[in-house]
Structures are given as structure tokens and as C-alpha cells.
Amino acid sequence: MNAIVFGSLNMDLVARAPRLPTPGETLIGNSFETIPGGKGANQAVAIARLKIPVEMVGRVGSDLFGQQLLDGLKSDRVGCDRVLIDDDIHSGVAIITVDAASENEIIVIPGANGRVGKPDLSRLQTLLPQAKVLLLQLEIPLDAVTEAAQLAKQAGVSVILDPAPARSDLPAHLFSAIAIITPNQVEASQLVGFSVHDQASAHQAANVLHDRGVKTVIIKLGSAGAFCSTETESFLIPAFSVNAIDTVAAGDAFNGGLAAGLVAGLSLKQSITQASAVAALSVTKPGAQPSLPTREALTQFLKEHSITL
Ligand code: ATP
Ligand code: RIB
């Protein structure tokens, strides 16, 4: 059994500067890099680096960025046969500014990701019989995300939705098709309509999301860890203490580690511990996909923390 990611691929255009510019201001920055990213592709790479088979379904443009994104995924052994090269539009890009304190601002231009729809759902459907989990995010059209979740549920595949970037208009029939939802604090606040900023407010938000039909809610609380609530229990898995230098893709690393654990047959708690370790390792390195750890790096990290999964 494997994992499928139905979602976005972006080339990240990353500028580093001493601080983030204010509106109307021009700043001289320190460096510029193009780095493979996109929430969907990041999650796929995180899973593949943990040596769990994973297939990506989505779109890139027929441009240099698209080719580089596909080459990167293939070198990480992500199955790319169902990533379409769309001749009519550019690949997705994310304009990212990172300051000296590792704060970031991101603008995503969807490009080919914005055209994911019916033909992509048909390609997804052919993979569902072999899959254990389907990972979704919100950088492709919401209708496609909703339909993918419903198809997966009908096929008996567990759906993990990362409701990122944040929005407040998810339809009821999406919630009812999701097994696990994994918002961060901003996304959880948007979904429930009140501020989610600590364990107590995360608990309240989880109850709202349970009422909408989601059985397992995991709220990512940054360096405060991850709060999980199921039908029978709730608990906090604290974050690992690391030297964080760049949190871009921490949430994607977390979801990749979570899904890889579930596919490998770990318990939910063990999978969240693995997710936290993968995310912690990712924040110690700059960029999206280059920051995602290998299985060997994860094993070493867990050993150093005396954790056996
Ligand atoms: P992203 O920056 O990719 O948008 P996110 O906002 O979706 O990430 P966060 O809540 O910031 O998600 O982080 C996800 C997980 O990463 C956390 O639950 C935690 O386990 C881990 N994490 C984040 N920041 C740190 C940190 N400074 N030190 C250790 N672990 C961290
Ligand atoms: O979650 C991080 C990702 O968000 C980046 O790689 C960027 O592409 C944006 O989509």
C-alpha cells in the first residue's frame, strides 16, 4: 500500500533580506535562490525520503521550472507518471521573502496548479485501489480537492487534509470525507472563526471540527508542538528542541512524516511523534524540499532523543 499526494508543485523564488519590507519600500536583500516547493510536492518528497512509496498527481507548465520540479521529484523516487505537463500555462511559483529572524512572507501564483480538475481526478482514481492514504492541501481548486476527498473515501482510502493556505469556506461535504485534518494556528482560526493560539483554544477548535464530521483533528502549534484530538482522547506532542533557522515547509514535513507513519502501520501517536521529528529536522535547514530529512537522518535523530517507534 502506498500514499498519494493530489496537490500543488511550485518553484519557490526565495529572497533573503535583513527584514521584511514595509508596503511601498524597496530593500536591498542578501541572496536569491530558486528552490523546489509547493505544499503538495513537499509532502510527497517528505514521504519518499522516509522510503514509503508515494505517487504525485497534479500539473506543471511546459517550462524550465516545470521540468526542474519533475526532475527533483523523480530523483527522490516520487512517482510522477500522473503529473501532467500543461502546455497552456506557466508552472506554479511562490515568491518567498525570509528575514534575519526566519520570519517569512509568501505569495503563491498557482499557474498550472490552478487548472487541476476533472482529467486529474480521473488520473487520481486509477491509483486509489493501491493506496492507504491520500494527502490534500488547498493550493489547487477547492472543487477538485473536495471531489478527490470524496472519491478516496468511497474507495476506503484515508484522507489527510492540510487546510493550507488558510480559508474559511470549506464545504460541509469536504469535512465529512476527511479522516484527519491538520491546520496550523492561523488555518484553525480561519476554519472555526475564533483565535486558536494555545492548547486550550486548540481543544475548543477541535471540538468544532469534530462537530463538522472530522474524526481526528491535529492542530500544529509551531514550536509549542501539535495538539491532537480524536473521538476518544486528546493529547499534546511537544515540539523537539532544535536550532530553528527556517520554518518554510515545516507543516509539509509534519504531514509527510505523519502519513509515512500511518502507511507503515505506526499508531496515531507514534505517527505524530514521527511527524514532529521530521518537522523539527526540516526547520534546521533552509528552503522547502532541500530541508526535508532522509530516513537515515530521522533514525539518527530519534536515537539521539532515545525514542523508539
Ligand atoms: P509552515 O511554516 O510550513 O507554514 P505550519 O505553520 O503549517 O508550517 P507549524 O505549526 O509552524 O506549521 O509547524 C508544524 C510543526 O513543525 C509543529 O507542530 C512542530 O512539530 C514543528 N515545528 C515548527 N516550528 C518548530 C520549531 N521552531 N522547533 C521545533 N519544531 C518545530
Ligand atoms: O508550505 C511551504 C510551501 O508553501 C512552499 O514550498 C511554497 O511553495 C508555498 O506553496
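You'll find the structure just up there.
All of these numbers come straight from a predicted model, not from anything done at the bench.

**A look at the side chain of Arg123**
Relative to the helices and strands, Arg123 resides in helix H3 (residues 118–127). Given the relative accessible area of 17%, Arg123 is considered buried. A distance of 3.2 Å separates a polar side-chain atom of Arg123 from the backbone oxygen of Gly58. Polar contacts involving the side chain of Arg123 include one to the main-chain carbonyl oxygen of Arg82, which spans 3.1 Å. Residues contacting Arg123, with those up to four places away along its chain left out, are Val57, Gly58, Arg82 and Leu84.

**Looking at the nonpolar core**
Formed by 51 residues in total, the largest nonpolar core has its most connected members in Val78 and Ile272. Leaving out residues up to four positions away in the same chain, Ile272 has contacts with Ile218, Ala226, Cys228, Phe235, Ile237, Phe254 and Leu258. Listed in part, the 42 residues of the second largest apolar core include Leu134, Leu142, Ala144 and Ala206.

**Observations regarding helix H10 (residues 295–304)**
Within H10 the residues assigned to the buried category are Leu298, Phe301 and Leu302. Down the axis of H10, the smallest arc covering the buried residues is 95°, so these residues share one side. In H10, the exposed residues that point more than 90 degrees away from the buried face are Lys303 and Glu304. If you follow the buried residues of H10, they end up packed against helix H9 (268–283). The first or second residue beyond H10 is Ser306, which carries a positive phi of 55°.

**A look at the pairing of strand E5 (residues 79–86)**
Pairing analysis gives six bridges linking strand E4 (residues 54–61) to E5, with the strands arranged parallel. The residue of E5 that forms the bridge with Gly58 is Val83. As for the winding sense of the linkage, the β-α-β connection from E4 through helix H2 (residues 64–75) to E5 is right-handed.

What counts, and at which threshold
- Residues numbered from 1 in each chain as written.
- Chains lettered and ligands numbered in written order.
- Predicted model: local features only at pLDDT ≥ 70, side-chain atom pairs only at ≥ 80, totals over all residues.
- Heavy atoms only, no water.
- Helix = DSSP H or I, 4+ residues; strand = E, 2+ residues; numbered from the N terminus.
- Buried < 20%, exposed > 50% of the residue type's maximum accessible area, 1.4 Å probe, protein only.
- Polar contact = N/O pair within 3.5 Å; in protein donor to acceptor, adjacent residues only side chain to side chain.
- Contact = heavy atoms within 4.5 Å.
- Core = buried A, V, L, I, M, F, W, Y, C linked by side-chain atoms within 4.5 Å.
- Arc of directions from axis to C-beta.
- Pairing = 2+ DSSP bridges.
- Right-handed = clockwise from strand over helix to strand, strands pointing away.

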